[in-house]
Structures are given as C-alpha cells and as structure tokens.
Amino acid sequence: MESRESLRYLIFSASMRSGSLNTQLAKLAATVIQGHGATVDYADMQEFDCPSYNGDMEQKSGIPSGANELRKRLEENDAFIIASPEYNASMPGTLKNVIDWVSRFRPQPFNEKHSLLMSASPSMVGGNRALWSLRIPLEHLGSRVFPDMFSLASAHQVFNGDGTLNNTALAKRFEDNLVAFMNLVEAAKHYPCIKKAWVEFLGERPDPVIDRVEA
Ligand SMILES: Cc1cc2nc3c(=O)[nH]c(=O)nc-3n(C[C@H](O)[C@H](O)[C@H](O)COP(=O)(O)O)c2cc1C
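Computed from a predicted model, the values in this text were never measured in an experiment. (Residues numbered from 1 in each chain as written. Predicted model: local features only at pLDDT ≥ 70, side-chain atom pairs only at ≥ 80, totals over all residues. Heavy atoms only, no water.)

A. Examining helix 5 (residues 128-140) more closely. Along its 13 residues, helix 5 runs 19 Å from first to last C-alpha, staying within 8% of the 18 Å computed at 1.5 Å per residue. Of the residues making up helix 5, those classed as buried are Ala-130, Leu-131, Ser-133, Leu-134, Arg-135, Pro-137 and Leu-138. In this structure, the buried residues of helix 5 make contact with strand 3 (79-83), helix 4 (93-102), strand 4 (114-120), strand 5 (144-145) and strand 6 (150-152). (Helix = DSSP H or I, 4+ residues; strand = E, 2+ residues; numbered from the N terminus. Expected span 1.5 Å × (residues − 1). Buried < 20%, exposed > 50% of the residue type's maximum accessible area, 1.4 Å probe, protein only. Contact = heavy atoms within 4.5 Å.)

Laid out in structure tokens, this is it:
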C-alpha cells in the first residue's frame, strides 16, 4: 500500500493581507502536515483572485485564469485545506467568488474532494461563523468537508515568533485535528486496495447493499 508521502494537500489562506493571521495558521498547518509525512502544495490567494462573477463575461471570454489555477491545483491534490477569515459573520466575498467561478468547470473540480476548514480571528469565536457559511457551497458542490473544524480565537495573541502556537493544549488540538483529517484522506484514497485484499484473502464478496465505497 502507498504511504502518506504520496498524499498531496493543497493549502491556502483566503486572506490577501500581508500580515494575515489566517496565512500564519495555513503555514502552521503546512508544517504539521509535512511533519506527518505528506506533501504540501502551498498556494497564495492572489493566485486565485478573479473578477466578480459575470455570466456575460463567462460567455465572452471564458473562465478567468485565477479560477483555472484553483481548478488545476484541486485536481493535482488529494485534498485541500482553507484557512478563512470571517467577514461579517460569513466568508470573504473573494473566496465565494472564486468558488462560483470554479463551479463552472466540468467535471466539477470540488466533487468528491476532501476538505478541512480552519479560521483565525482576533475575536473570541475565532471566525467560526465563516466556516459554517463556507461549508454550504463546498458541500453543495460535493466536497467531503471534514466534520471537525478549527477556529483560532484571539489569534493576534497566540502565535510565537516562529509561527508555532504559544498554548500547548491548543497546539495539540490543532495537530490532532489535522492528523484525524489526514487519516481519513489516506483511508479514502487507499481503502479500495484494502477491500481488494479482503476479497482475495478472506473470500468475502462485495455486497452493493452494504458497501459504502466503490471498489
Ligand atoms: C470587512 C471585515 C469584516 C469583519 N467581520 C468580522 C466578523 O464578523 N467576525 C470576526 O471575528 N472578525 C471580523 N473581522 C475582523 C477579522 O477577523 C480580522 O481583520 C482578521 O485579522 C482578518 O483575517 P486575516 O488576519 O487573515 O486577514 C472583519 C474584518 C473585516 C475587514
């Protein structure tokens, strides 16, 4: 069976601000994922920036390059992680806009892609409402959004100079959340192999009534 090294994660922050707390969180996620043996494709939101969705523009000049870049990166990776700011109790318009553009591609690139959502905010709830709003279009588009989300409260006070978190319990919860996600992505990618072995070695035949994945 392939190891974790073959698993690729696209990670980006949905903030374009140079001193972004979400970018710090996304970079920390990248470090943790690499520390657990997987490959990270780190992206900058600037790469995915798009003009406001306009159906006439789509008809005339097609889907813009920022959305095409996100489509390509989604297809190149097994799963994706977004660290999103909370703007007015929701996700930033820039993020929703690029999701709308990307949803116009066929095959639709979010479909069946595993995702993990995280947020950072100076507030006490850590931008968590942005993530509930972000789940809606992603789940609608068929992304397998991981149930546990990570929201970093008082984010302006919890980063050390080296980008780690200054609270050991919080750092462990962050790592545990990422590892649980990685375990699911790994199982989803490799489970068909296990199932094949199960059939070959134990003689149990697949049963479409109880099977939850396709062989
Ligand atoms: C337009 C706007 C709306 C905001 N609304 C919220 C909000 O609803 N909840 C919240 O926790 N923070 C809100 N903030 C504060 C952001 O959480 C804060 O600026 C954060 O640092 C932005 O993320 P970043 O550091 O990754 O750029 C808002 C900021 C802006 C610019």
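B. Layout of the pattern of salt bridges. The final tally for this structure, using the stated rule, is twelve salt bridges. Glu-47 is paired through a salt bridge with Arg-73; the nearest N and O atoms lie 2.9 Å apart. With Glu-47 in the loop between strand 2 (39-43) and helix 2 (55-61) and Arg-73 in helix 3 (residues 65-76), the pair connects residues that are 26 residues apart, well separated along the chain. Within this structure, Asp-41, Glu-47, Glu-69 and Arg-73 form a network of salt bridges that share partners. (Salt bridge = Lys/Arg side-chain N within 4 Å of Asp/Glu carboxyl O.)

C. Local environment of the site of the ligand. Around the ligand sit 14 residues in total, of which Ser-15, Arg-17, Ser-20, Glu-86 and Ser-121 are the nearest. Here a nitrogen atom of the ligand sits 2.8 Å away from a polar atom, N or O, in the main chain of Asn-88. Coverage of the ligand by the protein amounts to 70% of the 620 Å² it exposes when considered alone. Counted by class, the shell around the ligand contains five nonpolar, six polar and three charged residues. (Near = heavy atom within 4 Å. Polar contact = N/O pair within 3.5 Å; in protein donor to acceptor, adjacent residues only side chain to side chain. Areas by Shrake-Rupley, 256 points an atom, 1.4 Å probe, with all protein chains shown as cover. Nonpolar A, V, L, I, M, F, W, Y, C, P; charged D, E, K, R; others polar.)

D. Local environment of the packing of aromatic side chains. Within this structure, the stated rule accounts for six aromatic pairs. The interplanar angle of 80° and the centroid separation of 5.1 Å between the aromatic rings of Phe-12 and Phe-48 together place this pair among those described as edge-to-face. Within this pair, whereas Phe-12 is found in strand 1 (residues 8-13), its partner Phe-48 is found in the loop between strand 2 and helix 2, the two being separated by 36 residues in sequence. Neither residue differs from the other here; Phe-12 and Phe-48 are each classed as buried. Aromatic ring contacts, followed pair by pair, group Tyr-9, Phe-146 and Phe-181 into a single cluster. (Phe/Tyr/Trp six-rings, centres within 6.5 Å; stacked < 30°, edge-to-face > 60°.)

E. Spotlight on the nonpolar core. Within the largest apolar cluster, 32 residues are counted, with the highest numbers of intra-cluster contacts made by Tyr-9, Ile-33, Met-118, Leu-152, Phe-174 and Leu-178. Elements represented by at least two residues in this core include exactly strand 1, helix 1 (21-35), strand 3, strand 4, strand 6 and helix 6 (168-202). The element that contributes the greatest number of residues to this core is helix 1, accounting for eight residues. Not counting chain neighbours up to four residues away, the residues in contact with Leu-152 comprise Leu-25, Ser-119, Ala-120, Ser-121, Gly-126, Val-158, Phe-159, Leu-165 and Leu-170. Of all hydrophobic cores here, the second largest spans 27 residues; its members include Phe-12, Trp-101, Phe-110 and Leu-117. (Core = buried A, V, L, I, M, F, W, Y, C linked by side-chain atoms within 4.5 Å.)

F. Representation of the side chain of Arg-73 in the model. According to the relative accessible area criterion, Arg-73 is buried, its value standing at 8%. Only 2.8 Å separates the side chain of Arg-73 from the side chain of Asp-41, close enough to count as a polar contact. When residues no more than four places from it in sequence are discounted, the contact partners of Arg-73 are Leu-10, Asp-41, Tyr-42, Ala-43, Glu-47 and Phe-48.

G. Up close: the side chain of Ser-15. Note on placement: Ser-15 falls in the loop between strand 1 and helix 1. Judged by relative accessible area, Ser-15 falls into the buried class, the value being 8%. Here Ser-20 takes part through its side chain, which lies 3.3 Å from a polar atom of the side chain of Ser-15. Those residues within four positions of Ser-15 in sequence are excluded, and the remaining contacts are Ser-20, Thr-23, Met-45 and Pro-85.

Bear in mind that shape data such as this cannot, by itself, settle questions of function.
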